[in-house]
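Each chain, written out:
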Amino acid sequence: MKLKLEALVQEIKRIFPLARVDFDYFSSGTASVGVALEGRFFVLDYFPKEGFGVSEVLDGEGWLHGHEHSFANLEDAKCYFVSLIATAEKVPAERPLAVA
């Protein structure tokens, strides 16, 4: 999963070149991708036993408030995550998301 998430990070950097993208991978297999763009912050977390969680972290909420959406597979989580990040762009670009 680590390699797939690293590929997602690179894809997000390509699609959203102005975004700050952070990636943390832990020995437990848990991982987190954080994206800051236009004053907004989005997170995709992976938990080996539970799957994926995707959220926008709003001011005053804190990181550990629980996820707005859960997904069993990376492809669905990735599609939703990218579409959520796109809402932060002032002028959304028409750039296709590569499907691995």
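Structure report, in brief.

Reading the values: rules and limits
- Residues numbered from 1 in each chain as written.
- Predicted model: local features only at pLDDT ≥ 70, side-chain atom pairs only at ≥ 80, totals over all residues.
- Heavy atoms only, no water.
- Phe/Tyr/Trp six-rings, centres within 6.5 Å; stacked < 30°, edge-to-face > 60°.
- Buried < 20%, exposed > 50% of the residue type's maximum accessible area, 1.4 Å probe, protein only.
- Axes fitted to C-alpha atoms, helices over the stretch in contact; angles between N-to-C directions.
- Helix = DSSP H or I, 4+ residues; strand = E, 2+ residues; numbered from the N terminus.
- Parallel < 35°, antiparallel > 145°, perpendicular 65-115°, else oblique.
- Left-handed = near helix turned anticlockwise from the far one by under 90°.
- Contact = heavy atoms within 4.5 Å.
- Nonpolar A, V, L, I, M, F, W, Y, C, P; charged D, E, K, R; others polar.
- Expected span 1.5 Å × (residues − 1).
- Arc of directions from axis to C-beta.
- Polar contact = N/O pair within 3.5 Å; in protein donor to acceptor, adjacent residues only side chain to side chain.

### Observations concerning the packing of aromatic side chains
Within this structure, the stated rule accounts for 2 aromatic pairs. Ring geometry for Tyr 46 against Phe 52: centres 4.8 Å apart, planes inclined by 40 degrees, an arrangement best described as tilted. By the burial criterion, Tyr 46 is buried, and Phe 52 matches it. On the numbers, 5.7 Å between centres and 35 degrees between planes, the contact of Phe 71 with Tyr 80 is tilted. On the accessibility criterion, Tyr 80 (24% relative accessible area) is partly exposed.

### Quick notes on the packing of helix H1 (residues 2-15) against helix H2 (residues 74-86)
Look at H1 against H2: their axes get within 12 Å of each other, and the N-to-C directions meet at 25 degrees. Classified by the angle their axes make, H1 and H2 are roughly parallel. Of the two possible hands of crossing, H1 and H2 adopt the one that is right-handed. Two secondary-structure elements touch here, H1 through Lys 4, Leu 5, Leu 8, Ile 12 and Ile 15 and H2 through Leu 74, Lys 78, Phe 81, Val 82 and Ile 85. Among the residues forming the contact of H1 with H2, the class breakdown is 8 nonpolar, no polar and 2 charged.

### Considerations on H2
For H2, built from 13 residues, the straight-helix expectation of 18 Å at 1.5 Å per residue is met to within 8% by its first-to-last C-alpha distance of 18 Å. For H2, the complete set of buried residues consists of Leu 74, Ala 77, Lys 78, Phe 81, Val 82, Leu 84 and Ile 85. The buried side chains of H2 occupy one side of the element, clustering within an arc of 160 degrees when seen end-on. Tucked into the core, H2 has its buried residues touching H1, strand E2 (31-37), strand E3 (40-47), strand E4 (51-57) and strand E5 (69-71). For H2, the capping residue at the N-terminal end is Asn 73, with a side-chain oxygen 3.2 Å from the backbone nitrogen of Glu 75.

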